[in-house]
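# Overview (structure and organization)
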Amino acid sequence: DHKRREYGGGAVHVCDNEFQATNCLFAGNRASGLGASVHAHYGTARLINCTIYGETAQRGRKSPIAGNGTGRVFLYNSIVWCESTDEAFDFDDEATLEISNCCVRRTKDLPNVTPLGPKLDGAETGDFRLAARSVCIDAGDAKYLPRDEFDLDRDGNTGEPLPFDLQGLPRVAGQAVDLGALESQ
């Protein structure tokens, strides 16, 4: 939260390696370079059920997520909502973005991505839960959830999908998994 990086990736800068974040909140990050939250530079970043909010970068399109070189970003079941930027993504060279089941500000013509507001309860005050009528409720796909490899619920089943959200509450509380780091309860 509230990190600043000089080159890029205010929270995460991936170079020649891999990074995965699940049920994570990225809020208020800044970068002097590309990608206020995540910058994939000749590396791979996987973001699953993450909420990215209020990010600013100083170069390029000032987007929260950037890639260059052969950087790759996989974004699933996530929310990317930043008021201060015109575009959510900044990719050049051979960098790629794979995205599905997401809510992203100012996007259009992306399959399985909604540009409608996520209706967060109180993001300005640090409350990133989904409001009752959010388009993000039940809008995810459980196939993107990683396995519960550390058996977080201690039921002996490490092959099941990750059972908890960022707050330790059930990851799927409705008919389907919600978008973002916090499941609507």
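We now turn to the structure provided with this report. No experiment lies behind these values; they were computed from the predicted model shown.

Close approach of charged atoms lets side chains of opposite charge pair. Evaluated as defined, the whole model comprises three salt bridges. A salt bridge links arginine 46 to glutamate 18; the nearest nitrogen and oxygen atoms lie 3.2 Å apart. Of this pair, arginine 46 sits in strand 7 (residues 44-48) while glutamate 18 sits in strand 3 (residues 18-22); the two residues are 28 residues apart in sequence, bridging distant segments of the chain. Overall, arginine 46 belongs to the partly exposed group, its relative accessible area being 25%. Here aspartate 127 ties to arginine 129 by a salt bridge, and the two come within 2.7 Å at their closest N and O atoms.

What the rule picks out here adds up to four aromatic pairs. Seen from their ring centres, tyrosine 53 and phenylalanine 128 are 5.5 Å apart, and the 70 degrees between their planes marks the pair as edge-to-face. Taken as a pair, tyrosine 53 in strand 8 (residues 51-53) and phenylalanine 128 in strand 18 (residues 127-130) lie far apart in primary sequence, 75 residues in all. Phenylalanine 128 shares its class with tyrosine 53; the two are buried. An aromatic cluster of three or more residues is present, and its members are Phe74, Tyr76 and Tyr144.

On to the sheet that holds strand 6 (residues 38-41). Read across the open sheet, the four strands follow the order 2-6-10-13; overall the sheet is parallel. Unpaired on one side and paired on the other, strand 2 (12-15) and strand 13 (89-91) mark the two borders of the sheet. Mean inter-strand twist for the sheet, computed between neighbouring axes without regard to direction, equals 5 degrees. Alignment of strand 10 (residues 65-68) against strand 13, held across three bridges, turns out to be parallel. Bridged to alanine 66 within strand 13 is aspartate 90.

Cut-off values and rules
Residues numbered from 1 in each chain as written. Predicted model: local features only at pLDDT ≥ 70, side-chain atom pairs only at ≥ 80, totals over all residues. Heavy atoms only, no water. Salt bridge = Lys/Arg side-chain N within 4 Å of Asp/Glu carboxyl O. Helix = DSSP H or I, 4+ residues; strand = E, 2+ residues; numbered from the N terminus. Buried < 20%, exposed > 50% of the residue type's maximum accessible area, 1.4 Å probe, protein only. Phe/Tyr/Trp six-rings, centres within 6.5 Å; stacked < 30°, edge-to-face > 60°. Pairing = 2+ DSSP bridges. Axes fitted to C-alpha atoms, helices over the stretch in contact; angles between N-to-C directions.

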